[in-house]
Amino acid sequence: MRKSIATGAMALIPVLLASGLAFAQSAQVSTLRGADVDEPVILDEVHRNVEGRMQRNYRQQPPLIPHKIDQYQIDIRTNQCLSCHDWTKAGERNAPTLSMTHYLDREGNELDQIAGTRYFCNQCHVPQADAPALVDNLFQPSAGN
C-alpha cells in the first residue's frame, strides 16, 4: 500500500511542476488587442475604415468591403448586403453585383437567388481597414494582382 502511494506521489511531481511552470509563463503573456478581455475598446481607436477600394493581394481573394457594415443585419432571416448587391438591385443601386458563383448550388446548378452556401457574406468578405498588423507578417502580394 505504501509503495503505491509513494509511486502515485512520484508520478504527480512532474505534473505539478509542469502546471506551475505553465502558470508562471501565462502570467507574462500580453494580449494582441492591448486590453483585458472585459475592458471595452472603442473601435475607432483600433482601426479606421479606408475610403475607396483596396487592391487585392492574391488571386481569388474575396473582395474587401469598402464601407462600414457594423449596423448591417446578416442572419438567417435577413441579409442587408443583398439589398444593394443582389443581381436584381445592383444596377439601380450602382453597386457591384455578386459573382455568378454565388448563384450556384453545390452541384453547379444556376439559381435565381443566392445559394445558401454563399448567404453569409462576412464568412469571406471583411471591411477593409487601415489597421496595424497584430503579428509580424512577411506575406508578399502576387505580382499579377
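One numbering rule holds for all chains: residues counted from 1, following each sequence as written. Two thresholds apply to this predicted model, a pLDDT of at least 70 for residue-level local features and 80 or more for giving and counting side-chain atom pairs, whereas whole-chain, interface and lining totals are computed over all residues. Calculated side-chain values reflect all of the structure's heavy atoms, with hydrogen atoms and water omitted.

Bringing the overall build of the protein chain into the picture now. For helices the rule is a DSSP run of H or I covering at least 4 residues; for strands it is a run of E covering at least 2, with both sets numbered from the N terminus onward. Of regular secondary structure, the protein chain possesses four helices and two strands. Written out in order from the N terminus, the α and β elements of the protein chain read α-α-β-α-α-β. Relative accessibility decides the category of a residue: with a 1.4 Å probe and only protein chains considered, values under 20% of the type maximum give buried, values over 50% give exposed, and everything between is partly exposed. Across the 145 residues that make up the protein chain, the buried fraction comes to 14%. Note that accessible areas follow from Shrake-Rupley with a 1.4 Å probe, and for residues the cover is restricted to the protein chains shown. Of the roughly 12200 Å² that the protein chain leaves accessible, carbon and sulfur atoms contribute 56%.

Mapped onto the fold, Gln61 is located in the loop between strand E1 (48-49) and helix H3 (82-85). Polar contacts here mean pairs of N or O atoms no more than 3.5 Å apart (in protein, one a potential hydrogen donor and the other a potential acceptor; neighbouring residues in sequence count only if both atoms are side-chain atoms). Within the local environment of Gln61, its side chain forms a polar contact with the backbone nitrogen of Asn57, the two atoms lying 2.4 Å apart.

As a further point, take the UniProt feature "binding site: heme c 1" (unreviewed entry) in the protein chain. Taking the UniProt record as the reference, the feature "binding site: heme c 1" (unreviewed entry) is found at His67, Cys81, Cys84 and His85. A stretch of 19 residues holds the annotated residues, and the largest C-alpha distance among them is 13.0 Å, short enough that they meet in one place. The topology assignment puts Cys84 in helix H3. Given a relative accessible area of 24%, Cys84 falls into the partly exposed group. In this view, Cys84 contacts Lys89, Ala90, Arg93 and Ala95; residues no more than four positions away in its chain are not counted. Within the element layout of this structure, His85 appears in helix H3. UniProt positions are given in the numbering used here, feature names are shortened, and annotations may be inferred rather than shown by experiment. Here a residue-residue contact requires only that any non-hydrogen atoms of the pair lie within 4.5 Å.

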